[in-house]
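# Residue-level structure breakdown
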Amino acid sequence: MIYPRRTILRLLSAAALPVLGRGQPKPGMVVRCPRPENVEMPLDGFSTWITPVDRFFVRSHHYTPAVGLQDWRLEVAGLVGQPLTLSMEELRRFPRVELTGVLECAGNGRGLFEPSMPGMQWKYGAVGNARWAGVRLADVLRKAGVKPGAVEVLFDGADVPVGTMPEFRRSIPMKKALEANTLLAYDMNNAPLTPSHGFPLRLIAPGWAGDSWVKWLTRIEVLDREYDGFFMKTAYRHPGRPVVPGTPVKPEEMHPVAAMRVKSVIGGPLHGARLGAGAMRVHGAAWSGESPVTLVEVSTDGGRTFRPAVLGRDRAPFAWRLWETTWSPSRPGYYTLMARARDASGDVQPLVQEWNPSGYLWNVVQQVGIEVTPELAAGKVVPPGEQKEGRLPAPPASFRRACLVCHDHEVVEQQRLTPAQWERDIDKMIRWGAQVKDSDRAEILKYLGDNFGP
Ligand SMILES: Nc1nc2c(c(=O)[nH]1)N[C@H]1C(S)=C(S)[C@@H](COP(=O)(O)O)O[C@H]1N2
Ligand SMILES: [Mo]
């Protein structure tokens with residue numbers, strides 16, 4: 001196969017631009033892929049109300065662009081009376097608004113779905129709670145003067161697609177765009193956004209999953225119709241009803257992922273831990289979409305009984321809530337801990353995870369198995385052992401040539417796909433510009449199928 005011309009140009013221009021493919025390294029994070037940067041917060045992150053920037057997950061489809069404020073402008077265009085071109089200085093003249101809120105990737109938990117599907121295999125930590133500051137999108141739109149007939153606002157960032165992948169462009173309906181809490185943020189935790197998190201400007205869509213929180217904003221366009229680009233029409237769609245696990249659903253039968261779902265995560269003890277007898281703290285964080293968490297209940301007997309946990313004092317409408325309870329196991333044994341959150345709308349976490357084709361919005365009640373043993377002194381905790389990974393055979397040169405040009409190996413290692421799923425995935429990669437020679441295809445598929453199965 002010949003490289004499409006567009007791909008060559010893209011790869012060349014990507015190489016020439018000061019693009020930070022890997023972002024700033026964040027020590028102690030679970031690296032799902034160094035390039036493009038995708039890192040996950042470990043479970044200990046569910047112990048602090050505000051997630052520090054260096055512990056905050058990163059999800060980037062493309063390489064991190066290096067944007068300089070000097071030439072940066074925000075364009076406001078489309079169905080408006082007065083198109084705008086704003087510098088950061090001009091933008092900062094709008095009233096400053098602060099908001100503490102949860103940012104969670106729609107795909108958080110994908111790595112837990114059975115049957116599995118391709119994509120970043122996030123477990124629990126593609127989520128964080130930060131202080132955002134910026135200006136109201138509504139204020140900027142008011143200045144531009146939205147004309148009648150506006151349906152959606154479309155957002156575009158400075159990231160350049162990898163290969164022939166589509167641009168990451170996302171839209172939100174007018175109603176969400178005009179809400180007082182929808183922000184164009186320049187600060188995260190009281191400092192300018194870092195490159196990984198969208199410097200100099202990103203969208204904050206509180207209560208909605210991360211795919212709407214477009215980073216590196218350069219252009220906002222008011223549309224008189226629903227946007228039909230790839231990341232709205234094909235990706236980030238959910239059936240919104242239970243479907244037979246493992247079966248395809250047509251994109252037109254799904255709708256765009258919007259609000260997050262009510263969810264709690266147990267930050268400790270950790271699954272697989274061994275503990276001595278005595279009182280222990282069971283704790284974590286809980287959040288929902290657009291209505292706040294009102295209750296977290298904890299079970300220590302595999303879901304037979306639940307009792308309310310104590311909710312942390314720190315709270316804000318779109319933030320997560322820390323929770324904890326103290327528990328003294330009456331005798332040694334194996335225990336299954338569970339936490340179940342409820343929100344103000346009455347929504348509650350399910351006991352069974354309904355499946356969807358792309359693995360979005362995982363929010364089933366988590367189960368944490370621990371062993372209480374007389375071999376350990378009261379209060380002593382032995383964390384779960386490091387998972388021993390089998391050694392991988394060296395990837396064939398054909399695979400390195402075709403695949404590792406655009407992304408690192410880590411993103412492949414975490415997949416759990418059948419040979420048929422790998423076939424489809426390689427076809428997608430070819431559509432996205434991968435150069436796979438016909439003579440190499442079988443060898444690549446064998447390497448993938450032999451090593452990264454379900
Ligand atoms: N321009 C652009 N914006 C983007 C993305 C992207 O790839 N490009 N990823 C989105 C997704 S899927 C998520 S979950 C969040 C992640 O934000 P973070 O990296 O700051 O945690 O950014 C969103 N904004
Ligand atoms: Mo995401």
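Residues numbered from 1 in each chain as written. Chains lettered and ligands numbered in written order. Predicted model: local features only at pLDDT ≥ 70, side-chain atom pairs only at ≥ 80, totals over all residues. Heavy atoms only, no water.

Taken together, 20 residues form the shell around ligand 1, and within it Phe 57, Asp 159, His 197, Arg 202 and Lys 215 come nearest. One of the backbone N or O atoms of Arg 59 is found 3.0 Å from an oxygen atom in ligand 1. Between ligand 1 and His 61 there is a distance of 2.9 Å, counted from an oxygen atom to a backbone nitrogen or oxygen. Burial of ligand 1 by the protein amounts to 100% of the accessible area it has alone, namely 530 Å². For ligand 1, the cavity whose grid points lie within 2 Å of the majority of its atoms is the largest cavity. (Near = heavy atom within 4 Å. Polar contact = N/O pair within 3.5 Å; in protein donor to acceptor, adjacent residues only side chain to side chain. Areas by Shrake-Rupley, 256 points an atom, 1.4 Å probe, with all protein chains shown as cover. 1 Å grid on protein atoms, 1.4 Å probe; cavity = no way out; pocket = protein on both sides within 12 Å on 5 of 7 lines; lining within 4 Å. Sits in = over half its atoms within 2 Å of the grid points.)

A few words now on the packing of helix α8 (residues 419–431) against helix α9 (residues 438–451). Close contact between α8 and α9 brings their axes to 10 Å; oriented N to C, the two are set at 125 degrees. Comparing the axis directions of α8 and α9 gives the class oblique. Note on packing geometry: the crossing formed by α8 with α9 is right-handed. Taken together, the residues of α9 that come into contact with α8 (itself represented by Trp 422, Glu 423, Ile 426, Asp 427 and Ile 430) are Arg 441, Ile 444, Leu 445, Leu 448 and Gly 449. The class makeup of the residues in the contact of α8 with α9 is six nonpolar, one polar and three charged. (Axes fitted to C-alpha atoms, helices over the stretch in contact; angles between N-to-C directions. Helix = DSSP H or I, 4+ residues; strand = E, 2+ residues; numbered from the N terminus. Parallel < 35°, antiparallel > 145°, perpendicular 65-115°, else oblique. Left-handed = near helix turned anticlockwise from the far one by under 90°. Contact = heavy atoms within 4.5 Å. Nonpolar A, V, L, I, M, F, W, Y, C, P; charged D, E, K, R; others polar.)

In spatial order, the strands read β22-β21-β25-β26-β19-β27; together these six strands make up an open sheet with mixed pairing. What marks the edges here is a single partner per strand, and that holds for β22 (307–308) and β27 (381–382). Here strand β25 (residues 333–343) runs beside strand β26 (residues 366–372); their pairing, made up of seven bridges, is antiparallel. Note that in β26 the partner of Tyr 335 across the bridge is Ile 370. (Pairing = 2+ DSSP bridges.)

Before going further, it helps to examine the sheet that holds strand β10 (residues 152–157). Spatially, the five strands line up as an open sheet ordered β7-β6-β15-β10-β11, and their pairing is mixed. Edge positions in the open sheet fall to β7 (84–86) and β11 (169–173), since each of these has one partner strand only. Going across the sheet, the axis of each strand differs from the next one's by a mean of 20 degrees, ignoring polarity. Sheet topology places β10 next to β11; five bridges connect them, and they run antiparallel.

Another aspect to go through is empty space enclosed by the protein. Summed over all chains, the structure comprises four cavities of 30 Å³ or more. Approximately 240 Å³ is the volume attributed to the largest cavity. Every residue lining the largest cavity is counted, 20 residues in all, and those nearest its centre are Arg 59, Arg 202, Gly 210, Trp 213 and Lys 215. Taken together, the residues that form the lining of the largest cavity break down as nine nonpolar, six polar and five charged. (Points joined across faces, edges and corners; volume = space filled by probe spheres on them.)

So, about the domain arrangement of the protein chain. According to the domain assignment, the protein chain consists of domain 1 (5–235), domain 2 (263–382) and domain 3 (397–451). A separation of 30 Å is found between the C-alpha centroids of domain 1 and domain 2. Here domain 1 and domain 2 share an interface that buries about 2,600 Å² over both sides, 66% of which is from carbon and sulfur atoms. When the buried surface of domain 1 facing domain 2 is broken down by residue, Phe 46, Trp 49 and Phe 113 rank first, second and third, together holding 29% of it. Close ionic contact of Lys 176 with Glu 290 constitutes a salt bridge, the shortest N to O distance being 3.0 Å. Across the domain 1-domain 2 interface, the total number found is twelve residue pairs in polar contact (both at pLDDT 80 or more). For the side of domain 1 that touches domain 2, the secondary structure elements donating two or more residues are β8 (97–104) and β9 (127–136). It is β8 that contributes the most residues to the side of domain 1 that touches domain 2, five residues altogether. (Domains from an automatic or database assignment. Buried area = accessible area lost by both parts, 1.4 Å probe. Salt bridge = Lys/Arg side-chain N within 4 Å of Asp/Glu carboxyl O.)

In this section: the pairing of strand β21 (residues 293–299). Every other side chain in a regular strand lies on the same face of the sheet, so the side chains alternate between the two faces. Here β21 lies mainly inside the structure; five of its seven residues are buried. Bridge count between β21 and β25: six bridges; the pairing is antiparallel. Along β25, the bridge assignment pairs Ser 299 with Met 338. Bridge analysis of β21 against β22 gives two bridges, and the strand direction is antiparallel. Considered in β22, the bridge of Glu 297 is made with Pro 308. (Buried < 20%, exposed > 50% of the residue type's maximum accessible area, 1.4 Å probe, protein only.)

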